[in-house]
Amino acid sequence: TYVVTESCIKCKYTDCVDVCPVDCFREGPNFLAIDPDECIDCTLCVAECPVEAIYAEDDVPEDQRQFIALNAELSKVWDPIIEKQDPLPDADEWASVTDKFDQLER
Ligand code: SF4
Ligand code: F3S
């Protein structure tokens, strides 16, 4: 499966959503999660994310391994998002912030 990681928080550009052939993105207030039971490993979303938030499960950086379980957990309680929408208002400011896990809203 593929996994959304920290860079997405407070950005939520949603370019990833448009290309997913199985609509497996789920939307929270300021982050998206991929449902691991639906993702078919097509890889298409990886190149779409402007902040490079999406990794194959095996390639998730060591300090972000917690996002594997987090995507699985949150994708079960959040609703599907199937169309691109506007990014969050301060997305461009938050795009370069690397340490923002404490900003995640559930
Ligand atoms: Fe969707 Fe493919 Fe990305 Fe999985 S790898 S979330 S199937 S676009
Ligand atoms: Fe998030 Fe990147 Fe998609 S910022 S919403 S993973 S395009």
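What comes next concerns the included structure. Keep in mind that this is a model prediction, so the values were computed, not measured.

1. Topic: the overall build of the chain
Next, step 1: Tallying secondary structure elements over the chain gives 4 helices and 5 strands in all.
Next, step 2: In sequence order, the secondary structure elements of the chain are arranged as β-α-β-β-α-β-α-β-α.
Next, step 3: Relative to the 2.2 N^0.38 estimate, which gives 13 Å for 106 residues, the radius of gyration of the chain is 12 Å and therefore close to what a compact globule would have.
Next, step 4: Taken over the C-alpha atoms alone, the chain extends approximately 30 × 30 × 25 Å along its principal axes.
Next, step 5: For the chain, the proportion of its 106 residues judged to be buried stands at 33%.
Next, step 6: Looking at the chain alone, contacts between residues at least 24 apart form 82% of all its contacts between residues at least 6 apart.

2. Here's the deal with the site of ligand 2
Next, step 1: Inspection of the region around ligand 2 gives 14 residues, with Cys8, Tyr13, Cys16, Cys49 and Ala53 positioned closest.
Next, step 2: Within the shell around ligand 2, the residues separate by chemical class into 10 nonpolar, 1 polar and 3 charged.

3. A look at the environment of Thr14
Next, step 1: Within the element layout of this structure, Thr14 appears in the loop between β1 (2-4) and α1 (15-19).
Next, step 2: Between the alpha carbons of Thr14 and Cys39 there is a distance of 16 Å; along the sequence they are 25 residues apart.
Next, step 3: Apart from the residues within four sequence positions on either side, Thr14 is in contact with Ile81, Lys84, Gln85 and Pro87.

4. Section: helix α3 (residues 66-77)
Working note: α-helix, 3.6 residues per turn, so residues spaced by three or four point in the same direction.
Next, step 1: The terminal C-alpha atoms of α3, which comprises 12 residues, lie 17 Å apart, in line with the 16 Å expected from a rise of 1.5 Å per residue.
Next, step 2: Residues of α3 that are buried include every one of Phe67, Leu70, Asn71, Leu74 and Ser75, and no others. When α3 is viewed along its axis, its buried side chains cluster within an angular range of 120 degrees and face the same direction. Turned more than 90 degrees from where α3 packs its buried face, Ala69, Glu73, Lys76 and Val77 sit exposed.
Next, step 3: Residues of α3 that are buried sit in contact with β1, β2 (25-27) and β3 (32-34).

5. Here we look at the nonpolar core
Next, step 1: Of all hydrophobic cores here, the largest spans 26 residues; its most connected members are Val4, Cys8, Cys16, Ile34 and Ile54.
Next, step 2: Broken down by secondary-structure element, the contributors of at least two residues to this core are β1, α1, β3 and α3.
Next, step 3: Not counting residues within four places of it along the chain, the set of residues in contact with Cys16 comprises Phe25, Leu32, Cys45, Glu48, Cys49 and Ile54.

6. Here's the deal with unusual backbone geometry
Next, step 1: Although it is not a glycine, Asp23 adopts a positive phi angle of roughly 50 degrees.
Next, step 2: Mapped onto the elements, Asp23 comes out in the loop between α1 and β2.
Next, step 3: With a phi close to 75 degrees, Thr43 is a non-glycine residue in the positive phi region.
Next, step 4: Its location among the elements puts Thr43 in the loop between β3 and α2 (44-48).

Reading the values: rules and limits
Residues numbered from 1 in each chain as written. Chains lettered and ligands numbered in written order. Predicted model: local features only at pLDDT ≥ 70, side-chain atom pairs only at ≥ 80, totals over all residues. Helix = DSSP H or I, 4+ residues; strand = E, 2+ residues; numbered from the N terminus. Rg over C-alpha atoms; globule rule 2.2 N^0.38 Å. Buried ≥ 20, exposed ≤ 12 C-beta atoms within 10 Å, placed from the backbone. Contact = placed C-beta atoms within 7 Å. Near = placed C-beta within 6 Å. Nonpolar A, V, L, I, M, F, W, Y, C, P; charged D, E, K, R; others polar. Expected span 1.5 Å × (residues − 1). Arc of directions from axis to C-beta. Core = buried A, V, L, I, M, F, W, Y, C linked by C-beta atoms within 7 Å.

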